Amino acid sequence: MSAYILRRILYAIPILIGVNLITFLLFFVVNSPEDMARMHLGQKRVTTEAIQAWKAEHGYDRPLLYNDAASGLASLTDTIFFQKSVKLFAFQFGSSDDGRDIGYDISQRMWPSLAIAVPVLMVGLAFNISYALFIVFFRATYIDIGSVVLLVAMLSISSLFYIIGGQFLLSKAFHLVPISGYDQGLNAWKFLILPVIVGVIGGIGSGTRWYRSLFLEEIAKDYVRTARAKGLSERFVLFRHVLRNALIPILTGVVVVLPLLFMGSLITESFFGIPGLGSYTIDAISNQDFAIVRSMVFLGAVLYILGLILTDISYTVVDPRVRLQ
Amino acid sequence: MPDPLIQVQSLTTQLGDPSHPLRVVDGLDLHIQAGETFALLGESGCGKSMTALSLMRLLPPSGRIAAGVVRLRDTDLLRLTEAEMRKIRGGRMGMIFQEPQTSLNPVLTVGDQIAEAVRIHEGRSRAQVAGRVVELLRAVGIPDPEQRAKEFPHQLSGGMKQRVMIAMALAGDPELLIADEPTTALDVTIQAQVLRLLKDLQRQTGMAVLLITHDLGVVAETADRLAVMYAGHIVETAPVADFFANPAHPYSRKLLESLPAAEKRSGRLAVIPGRVPRLDAVFHGCRFAERCASVMDVCRTRTPAWLEIANGHGARCFLWDSEVAGEVAKAAETPHGAVGTASLSSATTDAARSDERGAPLLSAQGLQVHFPIHHGVLRRVVGHVRAVDGVSIELREGRTLALVGESGCGKTTAGKGILQLIQPTGGSVRYRDQELIGLSNRRMRPFRKDLQIVFQDPFASMNPRMLVGDVIGEGLQALGIAKRRADRMRRVAELLDLVGMDPEAARRYPHEFSGGQRQRICIARALAVEPRIIVCDEPTSALDVSVQAQILNLLKDLQARLGLAYLFITHDLSVVAYLAHEVAVMYLGRVVERGQVDEILDDPRHPYTSALLSAVPVVEQDKRRNVIRLDGDMPSPSHPPSGCYFHPRCPQSFERCPHSYPEEARLSETRVVSCHLTAETR
Amino acid sequence: MPLIPVILWTDALVLVLLALGLTFALYASRHEHLRDPWRRVVRSRVGVATLVVLMAYALVGLLDTVHLRLKQDARPGVEEARYSPEVLSLLDLALSGLRERQEKTYSAPFATHLFVKEAIDQPDGTVVRDYPRLKYGGAHLENPARQRGWDIAWRSLLGAVKGIIASGLFILGVCWLLARSWGVSLIEARDRILAGKTQVPWRTALMTLAALLVLSSVAAELALQYHVLGTDKVGEDVFYQTLKSVRTGLLIGTLTTLVMLPAALLLGIAAGYFRGWVDDVIQYLYTTLNSIPGVLLIAAVILMLQVYMSNHADSFTSLVERADLRLLFLCLILGVTSWTGLCRLLRGEALKLREIDYVQAAQSLGVGQFSVIARHILPNVMHIVLITLVLDFSGLVLAEAVLSYVNIGVDPTMNSWGNMINSARLELARDPVVWWSLAAAFLFMFTLVLAANLFADVVRDAFDPRLRQASGA
């Protein structure tokens, strides 16, 4: 078991190196630092001095891979690759284009992200599982057919409309909660209600439909017939036998996204003005702040791999059949 | 006659679209007395499992009971509410299923699953339940029940799981136990254990058993009475002894005659032509008429009524109708007399016998196939699964070597290793003085032509996206034998004819054919490249008995005509007795005994061979042996026991067995045994 | 020549896609195992109804894919023919009325006046702040307040009648064709269809078609005089915009899969079939790509593309070409983020298939590795490819909207539902709300995605052998 986890962690290293190389290629080789400087400074008629000054200010004035000017180890370390890419491995994200410490910003902004993402996940999970069980209990009746149509319709609606609709109904039409904004500490709750409701409703279509098909797949299995042959009631079969088995893919599906909750939701946060990592990323994209985008790419990859490892571990916990080697 | 325990009258069960239903059970009548074992016998698709599920009212969602009465003592089961029926299920009627692998909930411990049944039907307190669970596990012969109750199904072997299923069904002290093919998925030695257990339990509890099976041997050994089912209804009911002595229905007779056995070696097996009729059709006349050898005009126009022939022996056939009695005497003779033309094959068998000690076509020496086990951070190889661990065999022209063993003994891997479809890790395979192991794909190609294979599953062995003609012609194309399509198609037509199929089949897709026809096509594909050796990997075990007979006949004919050598991999000893010239018995990756077929079957020397032979259920009472009980299951090939691999289960093991693997002892020119006992007595 | 055709990059790819689709259809019609599942699709009522809707969208998209430049009026003295720099599509020409009737700024659906007050010079010289009349919307009415309702009702009725006549004729044509192919009289064919007893549910198909025809005929009739869905900030007709957006949505949904397909097929099958180090390398590749959050990867690439484009602005001859190239790159990068799922599925299937008996039989017959892949593996994984293709479509259409909202989607100058939503949401704060752009985008997107989702379900049920067994047994 521990050997298995160790091996998975070791396997993560080449993947992170790969991610790092891809980002390096994208951000520094496809377009040179000059190109970036020119774009930031406003396209045409930019003096070479201005470009040099911008590069020096943001630390892009080094050579890409090898520094002839420096000596010894510094000829490798005093380069863009080392300063901007390799240091990510130590979670040293450097500073953004407007001079703020990215690492500090991330540590501040992940909490509001979590404050939305965790309740959305939990409430959504509880609701979707209950609803799916309800549908499956009444399978092949009009409740089932109607619900499936409703679910397909719900998942055919873009998430943007859920947000716009939610804001319009609850905030604008009925003035129940503020449209957007955020507050420190416990006062944040009234700003969180709407995004959480919207997030949950937006996920019902795909979530419930998936769980329904998982339940139906389990119900067709032989052990369910055995359970019925014992004389168990349908409710008992559903809750004790089917639910337990279907929970395995459900839970492991949840575990894989757990670490990524830190990253927040791009759209929701920027719509509701929540100062989380999602809106941080969006702002960085629209301000073309590559330092932040680069950091978030790396952070996202780390969290994704963490999710994969956690998933493997969670399998051994919830599924008695899996013993890792 | 006392009142029956369960009485079924004109039960009709339909599947699928109500406007166009499949009548899987169509007017079925039967009754079972308390305490008896009643067997429902039939080939696949005859509706026997659906009958069982109808009795339990556990039909799949698309099924429904359209008519009939099912009476358990005084209770009309079909009129009960679902809640009342639930009390019957697992209470007065228990059921066990064919696939113990999938029939248990994988995430609950076996103790929990049995406890559920105990709680509903016995209403005991929590503390008492645990005790009862252990008691039940002990009753079904599970060693160390306290510990086993805490284990999950995947930690138990197939036989153990089936015992757990039985324990679960016993929890409600049922009056009737329905066993739906309870041993089909198990090996013969395990089957013998489970059947014995069922018998013992029946004696102790006095419950009745409805045994659903396709295996005539199992019926003969375990049942008191039986019913033969065909196309949704029962065609014959009889006490078991009567049935095997005097089968009344032509279908029953054919079934018995199509069973392979040693004394039928010289002839062809009886076959039933055609296929089972579709159950969505409306029948006029007898359902078996199209395939019946004694068919009369009346069979096609009138539906035969149920006729009582002797006490408790009845059939649905006009042969026993006094109105057409004139024809009975004449017609009843023919099926018995039809043994087929034996002259051709027996002549060639003798011819083959004369050069049986000639140089082998192919010889494998110490063949090994080991699969590495990786472990730890760096995935180092920490051990090997010794799937095949030193197998030595020889194949001769026109001869059949049967490789016999239970599932997991490595017989299929050995076959594929010989063909280089799996790279062997050691030993040698010599074909006509050429070493095959280690040849590159390109250098192996010339030998591919001579070495072919036929697989077990006729449904997985043909690409569903290819026309039958292309399937058969693939080898001709790949090996450059017939490069032009027209040549190829001409050859394909010849081959189809050779295996007894219409050459028109070349233009159709595999799914349009039945299992037996597909297996013929697969044989044609192997024959296309004119091989010398064919490895037959359980080619008939997925087929019904009557279809199996067709394939066995075909294989035998082909051998006689073309002088093929067969490596026949099987677990079925009756097929071995019928077809093989030599036998090699495998246990845990090694051959424990090999020799001429009569030597092995009549006078087994290795204790494993004896146990295996004794476990096979046979129809003839006088041939029955005392079952030698083997304890436990076959160990894992990754950790074989020390010394003789068989010693932990061997009833005759002694102090030398755990210390060294016995040397091969040559008992005669043809006979080799690996056992310390033989070495001792010699 | 009065026009010259223009073939943009995406147009060329659509042509490739069409050619592939036709080849596949031809191939499928000759092979029973491929024809059979499609037969199941067209025999399902949901299948044909959604198919008709999807075809309608596809027609709009295809019309919008044929691009050309019109010849300009020859100026005296210039011999050489001159072509307008503006690239138009057949759809633009068909809707040229809508395209050209541009108002000043926002106006509500069916409005006759602008949405905002302006200073209007009165004939008597005074200036009043009021809602001015629209230049085109309802301009034919003398007294809009009184006449508008009746006019709209009358025109709707007219449109409906025209639509009913058109669909009646069309249905008659189909009936006649069917009657011929069945070899029965026209009346007999009509009765069969009306009774709903045909194998292909023609009744459902024709009803859906008639409903679509009547709806579009009503819309067309009204659109002649009104802005049916209002106008946007610069006064452009929203109905026109949303029709133009159809092509963008369809392209993203289909081209993305097309560009990722070769990589996914090749790598997935290679990994599963050859195993060993090939498998290790390919698995590493897709795990690495997968571990970068999709949105961020898209953002990074699109940002880089923007930098590149703004620094090389001269190399693009027209805005349309530039927007088109950006769309192509968006499809490419969406493909890069989404091929891993299909690749993993194919790898798993190839792993299973390489052990299956018929592959082993082929090996024992000495068939070469690549023949085995081409003849045995590839045809037996195609159903997975097809199912993925239809299942991914709706997700990609929805993704376009979100990406455009984050400004990493299609070019801002390109018509797309995402861009419509993006520009409309800024106006949500207005009172009263400017809702019609949102409603239009919602309506058209929802219809497309719903139809695609329902269709995908039917296709999956028909092609997935596992599901087929479950329902057939």
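Not measured: the values here are computed from a predicted model.

Basis of the calculations
- Residues numbered from 1 in each chain as written.
- Chains lettered and ligands numbered in written order.
- Predicted model: local features only at pLDDT ≥ 70, side-chain atom pairs only at ≥ 80, totals over all residues.
- Heavy atoms only, no water.
- Helix = DSSP H or I, 4+ residues; strand = E, 2+ residues; numbered from the N terminus.
- Buried < 20%, exposed > 50% of the residue type's maximum accessible area, 1.4 Å probe, protein only.
- Contact = heavy atoms within 4.5 Å.
- Areas by Shrake-Rupley, 256 points an atom, 1.4 Å probe, with all protein chains shown as cover.
- Lys, Arg positive; Asp, Glu negative; His and termini not counted.
- Charge placed at Lys NZ, Arg CZ, Asp CG, Glu CD.
- Patch = residues over 30% accessible without salt bridge, like charges linked within 9 Å, V, L, I, M, F, W, Y side chains within 5 Å.
- Salt bridge = Lys/Arg side-chain N within 4 Å of Asp/Glu carboxyl O.
- Domains from an automatic or database assignment.
- Buried area = accessible area lost by both parts, 1.4 Å probe.
- Axes fitted to C-alpha atoms, helices over the stretch in contact; angles between N-to-C directions.
- Parallel < 35°, antiparallel > 145°, perpendicular 65-115°, else oblique.
- Left-handed = near helix turned anticlockwise from the far one by under 90°.
- Polar contact = N/O pair within 3.5 Å; in protein donor to acceptor, adjacent residues only side chain to side chain.
- Nonpolar A, V, L, I, M, F, W, Y, C, P; charged D, E, K, R; others polar.
- UniProt positions renumbered as here; feature names shortened; annotations may be inferred.

1. Things to note about the overall build of chain A
Each helix and strand in chain A was counted, giving 14 helices and zero strands. Written out in order from the N terminus, the α and β elements of chain A read α-α-α-α-α-α-α-α-α-α-α-α-α-α. By principal-axis analysis of the C-alpha atoms, chain A measures approximately 85 × 60 × 35 Å. Looking at chain A as a whole, 50% of its 325 residues are labelled buried. For chain A, the share of sequence-separated contacts (at least 6 apart) that also reach a separation of at least 24 residues comes to 67%. When the accessible area of chain A is evaluated, it comes to approximately 14,700 Å², of which 66% is carbon and sulfur surface. In chain A, the 26 positive side-chain charges and the 22 negative ones have mean positions that sit 12 Å from each other.

2. Quick notes on a nonpolar patch on the surface
Residues and elements named next belong to chain A. Together, L25, V29, L64, L65, Y66, L73 and L76 make up a nonpolar patch on the protein surface, roughly 700 Å² of accessible area in all. Residue placement: V29 occurs in helix α1 (residues 2–29). The exposure class assigned to V29 is partly exposed, which follows from its relative accessible area of 45%.

3. A short note on the domain arrangement of chain B
Residues and elements named next belong to chain B. Structurally, chain B comprises domain 1 (251–342), domain 2 (354–450 + 531–681) and domain 3 (464–519). Using C-alpha coordinates to define each centre, domain 2 is positioned 31 Å away from domain 3. Buried surface at the junction of domain 2 and domain 3, summed over both partners, amounts to about 700 Å²; 77% is from carbon and sulfur atoms. Summed over the shared surface of domain 2 and domain 3, the result is zero salt bridges.

4. Examining the packing of helix α14 (residues 369–405) of chain C against helix α16 (residues 436–463) of chain C
All names here are of chain C. Two numbers describe how α14 lies on α16: the axes approach to 9 Å, and their chain directions differ by 165°. In terms of orientation, α14 lies roughly antiparallel with respect to α16. The chirality of how α14 crosses α16 is left-handed. Residues H383, L386, I387, V390, L391, F393, S394, V397, L398 and A401 of α14 touch α16, and the partners they reach there are M445, L448, V449, A452, N453, A456, V459, R460 and F463.

5. Considerations on the interface of chain C and chain A
Facing 46 residues of chain C, the contacting portion of chain A comprises 45 residues. Overall, the association of chain C and chain A removes approximately 4,000 Å² of surface from exposure, summing both partners, and the carbon and sulfur fraction of that is 74%. A per-residue breakdown of the area chain C buries against chain A is headed by C:L296, C:M304 and C:Y405, which together make up 16% of the total. Run the count over chain C and chain A and you get one salt bridge. Taking the shortest distance from any N to any O, the salt bridge between A:R209 and C:D457 comes out at 2.8 Å. The tally of links from chain C across to chain A stands at five residue pairs in polar contact (both at pLDDT 80 or more). Sorting the residues of the side of chain C that touches chain A by element identifies α10 (276–291), α11 (294–311), α14, α15 (417–425) and α16 of chain C as the ones contributing at least two each. Broken down by element, the residue count for the side of chain C that touches chain A peaks at 13 residues, all from α11(C). Of the residues contributing to the side of chain C that touches chain A, the split by class is 32 nonpolar, nine polar and five charged.

6. A word on the UniProt feature "domain: ABC transporter" (unreviewed entry) in chain B
When the UniProt feature table is mapped onto this chain, "domain: ABC transporter" (unreviewed entry) is found at residues 6–256 and 373–613 of chain B. For residues 373–613 of chain B, the end-to-end C-alpha separation is 34 Å, with 39% helix and 25% strand making up the annotated structure.

7. Some remarks on the domain arrangement of chain A
Residue and element names in this part refer to chain A. Per the domain assignment, the segments of chain A are domain 1 (1–90) and domain 2 (102–318). Using C-alpha coordinates to define each centre, domain 1 is positioned 35 Å away from domain 2. Tallying the contact residues gives 20 residues for domain 1 and 17 residues for domain 2. The largest share of the area that domain 1 buries against domain 2 comes from R8, F27 and L88, three residues that together contribute 31% of it. Scanning the region where domain 1 abuts domain 2 turns up one salt bridge. For D312, the salt bridge goes to R8, with nearest N and O atoms at 2.3 Å. Linking domain 1 to domain 2 there are one residue pair in polar contact (both at pLDDT 80 or more).

8. A closer look at the pattern of salt bridges
Residues and elements named next belong to chain B. Applying the stated criterion to the full structure yields 62 salt bridges over all chains. Linking E135 and R132 is a salt bridge whose minimum nitrogen-to-oxygen distance equals 3.1 Å. Of this pair, E135 and R132 both sit in helix α5 (residues 126–139), three residues apart, which is roughly one turn of the helix. Judged by its relative accessible area of 8%, R132 falls in the buried class. Salt bridges linked by common partners bring E394, R396, R399 and E582 together as one network.

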